[in-house]
Amino acid sequence: MVSVAQRPARWGYYRLSYTLSKAMNNLGEFFFSGPIDPTDLSKDWGRADNDRRHMAVISAGINSPTEVRAGWWNAAIREWQLSAVLQAYSAAPFNITSGLTTVQGTAGRPVINGAFIKRNEGEADEFFTLNLRAGRTFRLGTRLQLETAAELFNATNAVNELARNTNFGSGIYPTSPSATFNQVTAVGDPRSAQMAVRRRFSP
């Protein structure tokens, strides 16, 4: 893992993080996950459910210079704040099942040459999202502060999967999947925006 964070000026900052990883285990993390053969856990050795080879996160923000003006409200401080967070992850794995259960009652996987294929042999899609925020602070007098903000989530409207059909079916692997195998069944939220106003009183 490598991370670089710096505030090159009083009005701005940035942070870069990158992780190169490999996670392996012999048991899935989903509810009701169980081994194919409880007497030989090596049959389930494979990529962990959360194994993502590359993960990058970039965040940055800038603040405008504070402006102070005298007037009937005594003082008004107005400050712009802009920030962004970008997340990009490589594909996570998914476990390919056959729709049949083993003698132990766990989900079976397709068989090649008399042996189950590896656990988490499938590969899903990458993940990408960009969130933006713009805010401005007004201070009226010595006790009242007004904060306004506009936020944009998933600014690029990227389609990030949450679930897919992992049932290959009973056909010959890997050439005869079921018609719905590997189809995405749920995705994350599309582009959305929100605005907020908050009042703060100092004692």
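Being a predicted model, the structure only gives us computed values, none of them experimental.

For the rest of this paragraph, the subject is the packing of aromatic side chains. Enumeration according to the criterion identifies 4 aromatic pairs in this entry. Between Tyr89 and Phe127 the ring centres are 5.4 Å apart and the planes differ by 20°, which places this aromatic pair in the stacked class. Remark: Phe127 occurs in strand β12 (residues 127–140) and Tyr89 occurs in strand β7 (residues 76–89); sequence separation between them is 38 residues. For Tyr89, a relative accessible area of 18% translates into the label buried. Judged by its relative accessible area of 25%, Phe127 falls in the partly exposed class. Ring centres of Phe168 and Phe181 lie 5.2 Å apart, and the angle between their planes is 70°; this geometry places the pair in the edge-to-face category.

Here is a general trend for soluble globular proteins: nonpolar side chains tend to be buried in one another's company. The biggest cluster of nonpolar side chains holds 7 residues, and these are Phe94, Ile96, Ile117, Ala124, Phe168, Tyr173 and Phe181. Filtering out sequence-adjacent residues up to four positions away, Phe94 remains in contact with Asn120, Glu121, Gly122, Glu123, Ala124, Arg164, Thr166, Phe181 and Asn182.

In this structure the tally under the stated criterion is 11 salt bridges. Here Asp44 and Arg109 are joined by a salt bridge, their closest N and O atoms 2.9 Å apart. In this pair, Asp44 sits in the loop between β3 (24–25) and β4 (46–47) while Arg109 sits in the loop between β8 (93–94) and β9 (111–112), placing the two residues 65 residues apart along the sequence. Its relative accessible area of 2% is what places Asp44 among the buried residues. By relative accessible area, Arg109 is classed as buried at 2%. Note that Asp51 and Arg53 form a salt bridge whose closest N and O atoms lie 3.3 Å from each other.

Before going further, it helps to examine the pairing of strand β2 (residues 12–20). By the bridge criterion, 6 bridges tie strand β1 (residues 2–9) to β2 in an arrangement that is antiparallel. Bridge assignment links Ala5 to a residue of β2, and that residue is Arg15. Linking two consecutive strands that pair antiparallel, namely β1 and β2, is a turn of 2 residues. In this sheet, strand β5 (residues 54–63) lies alongside β2 in antiparallel orientation, the contact comprising 9 bridges. Among the inter-strand pairings, Leu16 is bridged to a residue of β5, identified as Ile58.

Thresholds applied
Residues numbered from 1 in each chain as written. Predicted model: local features only at pLDDT ≥ 70, side-chain atom pairs only at ≥ 80, totals over all residues. Heavy atoms only, no water. Phe/Tyr/Trp six-rings, centres within 6.5 Å; stacked < 30°, edge-to-face > 60°. Helix = DSSP H or I, 4+ residues; strand = E, 2+ residues; numbered from the N terminus. Buried < 20%, exposed > 50% of the residue type's maximum accessible area, 1.4 Å probe, protein only. Core = buried A, V, L, I, M, F, W, Y, C linked by side-chain atoms within 4.5 Å. Contact = heavy atoms within 4.5 Å. Salt bridge = Lys/Arg side-chain N within 4 Å of Asp/Glu carboxyl O. Pairing = 2+ DSSP bridges.

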